[in-house]
Every structure is written in structure tokens, then in C-alpha cells.
Amino acid sequence: MGRKHRHWSAVEKRRFVAEANQPGTTKAAAVAYTLIETAKLDGVDPQAWLTDVLSCIADHKINRIDELLPWRQAQSS
């Protein structure tokens, strides 16, 4: 898939740790941050990708959910 390894800056690490220390947000924050950074690495605009996914996810078949991942959008572009 050709994704590059990304090094987090010190500011990003501090922000992530601070947000993750709030009750109930650790996993959600990690998933959201990972998907957004993955979209960036794959050359996909994260805001456009999230807008597209949120607009169609309710009607999307669960067994085809992988079609909504950022690298799949990058392949179809």
C-alpha cells in the first residue's frame, strides 16, 4: 500500500496524550487520529474523506465497510 512511516512531533504527542487522558476518549481519539493521519499519508483530504464517509455510511453494506477506508478512496481517485 505504500504508506510511509510517520514520526509524531512533540506537540502532537502532548496533545494526543492530554486528550487521551479524558475518560472514555482514549480509543476513540486513537482511532480518529489514526484514520486522519492515514488519509493524509495516502494523499486524501481528511475533511473531504470524512464528509463523504459520514454522508454514506448509514446506507453502506456492513460487509463492504472496507470500501470506505482512506486508502481505498486514494486508489479510486
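Residues numbered from 1 in each chain as written. Predicted model: local features only at pLDDT ≥ 70, side-chain atom pairs only at ≥ 80, totals over all residues. Heavy atoms only, no water.

J.: Could you give an account of the nonpolar core, naming the residues involved and the relevant values?
T.: The biggest cluster of nonpolar side chains holds five residues, and these are Ala39, Val44, Trp49, Val53 and Leu68. The contacts of tryptophan 49, once residues within four sequence positions are left out, are Leu35, Ala39, Val44, Leu68, Leu69, Pro70 and Gln73. (Core = buried A, V, L, I, M, F, W, Y, C linked by side-chain atoms within 4.5 Å. Buried < 20%, exposed > 50% of the residue type's maximum accessible area, 1.4 Å probe, protein only. Contact = heavy atoms within 4.5 Å.)

J.: So what about helix 2 (residues 26–41)? Which residues, and what values?
T.: Under the 1.5 Å per step criterion, the end-to-end length of helix 2 is 22 Å for 16 residues, consistent within 8% with the ideal 22 Å. One or two residues past the end of helix 2 sits glycine 43, with phi positive at roughly 75°. (Helix = DSSP H or I, 4+ residues; strand = E, 2+ residues; numbered from the N terminus. Expected span 1.5 Å × (residues − 1).)

J.: I'd like a rundown of the packing of helix 2 against helix 3 (residues 46–56), residues and numbers included.
T.: Packing of helix 2 against helix 3 brings their axes to within 9 Å, and their N-to-C directions diverge by 120°. Considering the angle they form, helix 2 stands oblique to helix 3. In the crossing of helix 2 with helix 3, the sense of the turn from one axis to the other is right-handed. On the side of helix 2, the interface is formed by Leu35, Ile36, Ala39 and Lys40, while helix 3 contributes Pro46, Trp49 and Leu50. For the contact of helix 2 with helix 3, a count of residues per class yields six nonpolar, no polar and one charged. (Axes fitted to C-alpha atoms, helices over the stretch in contact; angles between N-to-C directions. Parallel < 35°, antiparallel > 145°, perpendicular 65-115°, else oblique. Left-handed = near helix turned anticlockwise from the far one by under 90°. Nonpolar A, V, L, I, M, F, W, Y, C, P; charged D, E, K, R; others polar.)

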